[in-house]
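The lines below spell out each chain.
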Amino acid sequence: MLTEKYEKLQSILRELNSVVVAFSGGVDSTFLLKAAVDTLGPDQVLAVTADSETYPSTELAEARELAEWIGARHQVIETSELAIPGYAENTKNRCYFCKSSLFDHLVPVLTEQSYKNIVYGVIADDMNEFRPGMQAAKERGIRGPLLEAGLYKDEIRELSRGYGLPTWDKPSFACLSSRIAYGERITKEKLSKVEKAEAYLKSLGIRQVRVRTHQDTARIEVEPKDMQTVLEQHSQISGRLQEYGYKYVTLDLVGYQSGSMNKVLA
């Protein structure tokens, strides 16, 4: 079954002929880039990473390393989500504005370098979640080969492991804006605060973490197995996050949940 899905993915990529891959360095876009290079050859594939306020510098460094490891051509472009009308207001359609801007930045790259299609790492799991960015892709004819092949996250991890990709067990990641409660204005200062807080928690050996921000309150989400680490070092953690600008520091007893901010949406 998994072999058939991968063969379908290759068939889709061959149909696309040459591609610009929206490349974040996450599990899905890394696997998509690897499959595209293996299927089409490195001359027919360009990885493009958008560097912005919502994208941690550590992720950019890792994206560079991954593209080089895969043997893909890689280009970094500068973008600014906070400059997009409607984005900083942080409505439920925030991701639509973000993806619209990203794809609009990729189109000139596609044209100037004579590639045929733009692809991104949407997957089958995303069909069951709130993903307004998918509408932006649909409006612009941007393709999602992993979704079209019916690949789910667990399957992508399994295939990635088989191909020796170091991202096979990489924790899930989303842009820093997803940590800020809907309706609360997004600023560079808040994004920086989130980035520093999560980097500190990761330095304690916690791999999967979100610091959800509700005004002056940090709501820490980690997997249940890491809660003890947070509790044992609660004094140091709360002190450090308060240095970063939070007044209150809490631990969410439900634990890490992808897209947990979406619970407030009808």
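- The name recorded for the protein chain in an unreviewed UniProt entry is NAD/GMP synthase domain-containing protein, from Paenibacillus favisporus.

## Concerning the overall build of the protein chain
In step 1: Counting its secondary structure elements, the protein chain contains 10 helices and 7 strands.
In step 2: Its C-alpha radius of gyration of 19 Å places the protein chain within 12% of the 18 Å reference for a compact globule of 266 residues.
In step 3: Each principal axis of the C-alpha atoms in the protein chain carries an extent, and together these give about 55 × 40 × 35 Å.
In step 4: Split by element, the accessible area of the protein chain, about 12500 Å² in all, is 49% carbon and sulfur.
In step 5: Side-chain charges of the protein chain comprise 33 positive and 37 negative groups, with the mean position of each set lying 3 Å from the other.

## Notes on the UniProt feature "domain: NAD/GMP synthase" (unreviewed entry) in the protein chain
In step 1: As recorded in UniProt, the feature "domain: NAD/GMP synthase" (unreviewed entry) lies at residues 15-81.
In step 2: Structurally, residues 15-81 comprises 45% helix and 25% strand, and the distance from its first C-alpha atom to its last is 32 Å.

## Brief notes about the pairing of strand β6 (residues 217-222)
In step 1: With 5 of 6 residues buried, β6 lies mostly within the body of the structure.
In step 2: Of the strand pairs in this sheet, strand β5 (residues 209-214) and β6 are connected by 6 bridges, and their pairing is antiparallel. Among the inter-strand pairings, V209 is bridged to a residue of β6, identified as V222.
In step 3: Hairpin connection of β5 to β6: 2 residues between the antiparallel strands, including Q215 at a positive phi of 55 degrees.
In step 4: Direction of pairing for β6 relative to strand β7 (residues 248-251): parallel, over a ladder of 4 bridges. Across the sheet, residue T217 finds its bridge partner in β7, namely Y248.

## Remarks on the pairing of strand β1 (residues 19-22)
In step 1: Across the two faces of β1 the burial is the same, with V19 and V21 and V20 and A22 all buried.
In step 2: Sheet topology note: the β1/strand β2 (residues 45-51) ladder contains 4 bridges and is parallel. Note on β2: the bridge partner recorded for V21 is A47.
In step 3: As a crossover connection, the stretch from β1 through helix α2 (residues 27-40) into β2 is right-handed.
In step 4: Summarising the sheet, β1 and strand β4 (residues 117-119) pair through 3 bridges and their orientation is parallel. In the sheet register, V20 faces β4, and the bridge partner there is I118.

## Structural notes on the pattern of salt bridges
In step 1: Tallied over the entire structure, the rule returns 20 salt bridges.
In step 2: One salt bridge connects R240 with E243, and the closest N-O pair in it is separated by 3.9 Å. Within this pair, R240 and its partner E243 are both found in helix α10 (residues 234-243), separated by 3 residues, close to a single helical turn.
In step 3: In this structure R240 comes out as partly exposed when scored by relative accessible area, which is 30%.
In step 4: Linked by salt bridges that have partners in common, R212, R219, E221 and D252 make up one network.

Reading the values: rules and limits
Within every chain, residues take consecutive numbers counted from 1 along the sequence as written. Since the coordinates come from a predicted model, pLDDT governs what is reported: local features require at least 70, and pairs of side-chain atoms require 80 or more to be given and counted, while whole-chain, interface and lining totals use all residues. Hydrogens and water are ignored here; the side-chain numbers use all heavy atoms of the structure. Starting at the N terminus, helices and strands are each numbered in turn, a helix being any DSSP run of H or I of at least four residues and a strand any DSSP run of E of at least two. Each radius of gyration is computed over the set of C-alpha atoms, and the globule rule expresses the reference value as 2.2 Å times the number of residues to the power 0.38. Exposure was quantified through the Shrake-Rupley algorithm and a 1.4 Å probe, taking into account, for residues, occlusion by the shown protein chains and nothing else. Note that His is not counted, nor are the chain ends; the positive residues are Lys and Arg, and the negative ones are Asp and Glu. Charge coordinates come from a single atom per side chain, which is NZ of Lys, CZ of Arg, CG of Asp or CD of Glu. UniProt positions are given in the numbering used here, feature names are shortened, and annotations may be inferred rather than shown by experiment. Accessibility here uses a 1.4 Å probe with only protein chains present; expressed as a share of the type maximum, an area under 20% marks a residue as buried, one over 50% as exposed, and anything in between as partly exposed. In this scheme, strands are said to pair when DSSP sees at least two bridges between them. By definition, the crossover connecting two strands over a helix is right-handed if that path, from the first strand to the second, turns clockwise as seen with the strands pointing away from the viewer. The rule for a salt bridge is simple: a side-chain nitrogen of Lys or Arg has to be within 4 Å of a carboxyl oxygen of Asp or Glu.

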